[in-house]
Amino acid sequence: MELKSPIMVRLFKQESELEVWKQTKSGHYALLDTFDICKWSGKLGPKIKEGDRQAPEGFYEVSPGLMNPLSSYYLSFNLGFPNKFDRAYDRTGSNLMVHGACSSAGCYAMTDEQIADIYAMGRDSFLGGQRKFQVQAFPFRMTPENMAKNASSEHYEFWRMLKRGYDHFEITKRPPSIEVCEKQYVFDAKADRRGTKFDARGACPAYTVPEHISVAVAKKQNKDARKTAEILVAMESTKRRKEKIATFFGGASTTNAAKTVSTKATAVDVKTARTLALASKDASPAPQQTSETERAFGYFTSLFSNSRVSEEQKVIAEASAPLLNAPIPRVKPQ
């Protein structure tokens, strides 16, 4: 990398990380440094209106005029919110920055030492001829695992759109060109007709994306979509399994079962329990008692045939719901 070569910035809310990528001599970008975001405000999701204290999500461009060396927060650069996409939805807000002082009311705040480094990288890229650098702000790293975990969010479709831009960069290792039409981001798109402009609120013009990019991105998206679907199925299966366990051990919901375990159950001293179990062999328990215990154990092991449960940590006896004369065993999965 040359000292004054172009840069690009990525922000991840959930991970509280800021990445600086820099162009190498090959023309591709490589990760130069990762900084821990000191503070960001709001929650996962886009900024909607002035005063909502939300840090923005989306694709932004920082020009030299948006750099502020005399910031009240040591040093800063303005993200340029609202961009074309935000304005298409009449979203409002101002002075959305990446700055120092570790204090945020809608911004991404760094420490003074961190912003000094990041600001210097931006300054040097402008001195080297870069006219503006791209900032990509995401709710989280756009992995199948994170997409699955957040599939129920009201912002999921918005995040799927952001993921397309994320994937363009992951494939090409170059900041994608950004256009907006039909209130959607489009990436690396070039209008088929020369001079045609993209209208953020209007219909998209005929455009093409370089084939090697579109094919590779489509392949990645299909692979990630399948993985996300697999994770969602596994999550649903886990949820149903927990519900079955909760139903068997008292008929409560998963949440209520957890509360019941913590409030009504007492942990068993495993060593003592084993001693009592050995002593009980000579007591000749009633046939019905043994049968019920075996039935419960068989049901439980059928649910967890492929997992190992640490007896010392997981066995809990329910004192308030006896089954005949024996306590019902409660076992929590790892």
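Residues numbered from 1 in each chain as written. Predicted model: local features only at pLDDT ≥ 70, side-chain atom pairs only at ≥ 80, totals over all residues. Heavy atoms only, no water.

Undergrad: So what exactly am I meant to see when it comes to the overall build of the chain here?
TA: Tallying secondary structure elements over the chain gives nine helices and 17 strands in all. For the chain, contacts bridging at least 24 residues in sequence account for 56% of all contacts bridging at least 6. When the accessible surface of the chain is summed, it comes to about 18900 Å², and 52% of that surface belongs to carbon and sulfur atoms. (Helix = DSSP H or I, 4+ residues; strand = E, 2+ residues; numbered from the N terminus. Contact = heavy atoms within 4.5 Å. Areas by Shrake-Rupley, 256 points an atom, 1.4 Å probe, with all protein chains shown as cover.)

Undergrad: How should the sheet that holds strand β7 (residues 76-78) be read in this particular structure?
TA: Note on sheets: strands pair through backbone hydrogen bonds, and any given pair is parallel or antiparallel. Strand order in the open sheet formed by five strands is β4-β9-β8-β7-β6, and the pairing between neighbours is mixed. Because the sheet does not close on itself, it has two edges, and the strands there are β4 (39-40) and β6 (67-68). Alignment of strand β8 (residues 97-99) against strand β9 (residues 108-109), held across two bridges, turns out to be parallel. Bridging across to β9, H99 finds its partner in A109. (Pairing = 2+ DSSP bridges.)

Undergrad: What is the right way to look at the pattern of salt bridges in this model?
TA: Opposite charge on two side chains makes pairing possible when the charged atoms of those side chains draw close. What the rule picks out here adds up to 16 salt bridges. With its nearest N and O atoms 2.8 Å apart, the salt bridge here joins R201 to D90. One end of the pair, R201, is in the loop between β13 (190-191) and β14 (207-208); the other, D90, is in the loop between α1 (84-88) and β8, with 111 residues separating them in the sequence. Its relative accessible area of 47% is what places R201 among the partly exposed residues. Exposure remark for D90: the relative accessible area of 56% places this residue in the exposed category. With its nearest N and O atoms 2.7 Å apart, the salt bridge here joins K220 to D224. Within this pair, K220 and its partner D224 are both found in helix α5 (residues 211-248), separated by four residues, close to a single helical turn. Accessibility classification places K220 together with D224 in one group, the buried group. Each member of the salt-bridge network shares a partner with another, and the members are R10, E17, E19, R141 and E170. (Salt bridge = Lys/Arg side-chain N within 4 Å of Asp/Glu carboxyl O. Buried < 20%, exposed > 50% of the residue type's maximum accessible area, 1.4 Å probe, protein only.)

Undergrad: Explain the pairing of strand β5 (residues 58-62) to me, please; I cannot follow it from the model alone.
TA: Side-chain positions along a regular strand alternate between the two faces of the sheet. With four of its five residues buried, β5 lies for the most part within the structure. Pairing between β5 and strand β10 (residues 133-138): five bridges, direction antiparallel. By the bridge assignment, E61 is partnered in β10 with Q134.

Undergrad: Teacher, can you tell me more about the nonpolar core here?
TA: A general feature of soluble globular proteins is that nonpolar side chains tend to end up buried together. Core analysis: the biggest nonpolar cluster contains 27 residues, and L11, L18, F77, V98, F133 and V135 have the highest contact counts within it. Within the residue set of this core, elements represented by two or more residues are β1 (7-12), β2 (17-23), β5, α2 (112-127) and β10. In terms of residue count, the dominant contributor to this core is α2 (five residues). Filtering out sequence-adjacent residues up to four positions away, V135 remains in contact with V9, L11, G58, F59, Y60, V62, F77 and L79. (Core = buried A, V, L, I, M, F, W, Y, C linked by side-chain atoms within 4.5 Å.)

Undergrad: Honestly, the state of the cysteines in this entry has me stumped. Any pointers?
TA: In protein chemistry, a disulfide is the covalent bond that joins the sulfur atoms of two cysteines. Per the stated rule, a full pass over the model turns up two disulfides. Here C181 connects covalently by a disulfide to C204, the sulfurs 1.9 Å from one another. Handedness here is read from the sign of the S-S torsion; for C181 and C204, about 90°, the answer is right-handed. Placement of C181 in strand β11 (residues 178-181) and of C204 in the loop between β13 and β14 is noted, with a sequence separation of 23 residues between them. Residue C204 is classed as partly exposed on the basis of its relative accessible area of 25%. The disulfide pattern of the chain is 1-2, 3-4 when the bonded cysteines are numbered in sequence order. (Disulfide = S-S within 2.5 Å.)

Undergrad: Just checking my understanding: could you explain the packing of helix α4 (residues 156-172) against α5 for this structure?
TA: Helix-helix packing is described using two parameters, namely the angle between the two axes and the distance between the axes. Running from amino to carboxyl end, α4 crosses α5 at an angle of 130°, the nearest separation of the two axes being 9 Å. On the basis of the axis angle, α4 is oblique to α5. Crossing hand, α4 versus α5: right-handed. Note on element contacts: α5 touches α4 through I213, A216, V217, K220, Q221, D224 and T228, opposite Y156, K163, R164, D167, H168, E170, I171 and T172. Residue composition of the contact of α4 with α5, grouped by class: five nonpolar, four polar and six charged. (Axes fitted to C-alpha atoms, helices over the stretch in contact; angles between N-to-C directions. Parallel < 35°, antiparallel > 145°, perpendicular 65-115°, else oblique. Left-handed = near helix turned anticlockwise from the far one by under 90°. Nonpolar A, V, L, I, M, F, W, Y, C, P; charged D, E, K, R; others polar.)

Undergrad: How should the sheet that holds β2 be read in this particular structure?
TA: Ordered in space as β3-β2-β1-β10-β5, the five strands form an open sheet in which the pairing is mixed. This sheet does not close on itself; its edge strands, each paired only once, are β3 (29-36) and β5. Going across the sheet, the axis of each strand differs from the next one's by a mean of 20°, ignoring polarity. Along the sheet face, α4 touches β1, β2, β3, β5 and β10 and points at about 135° away from the line of β1.

That is the geometry; function is a separate question.
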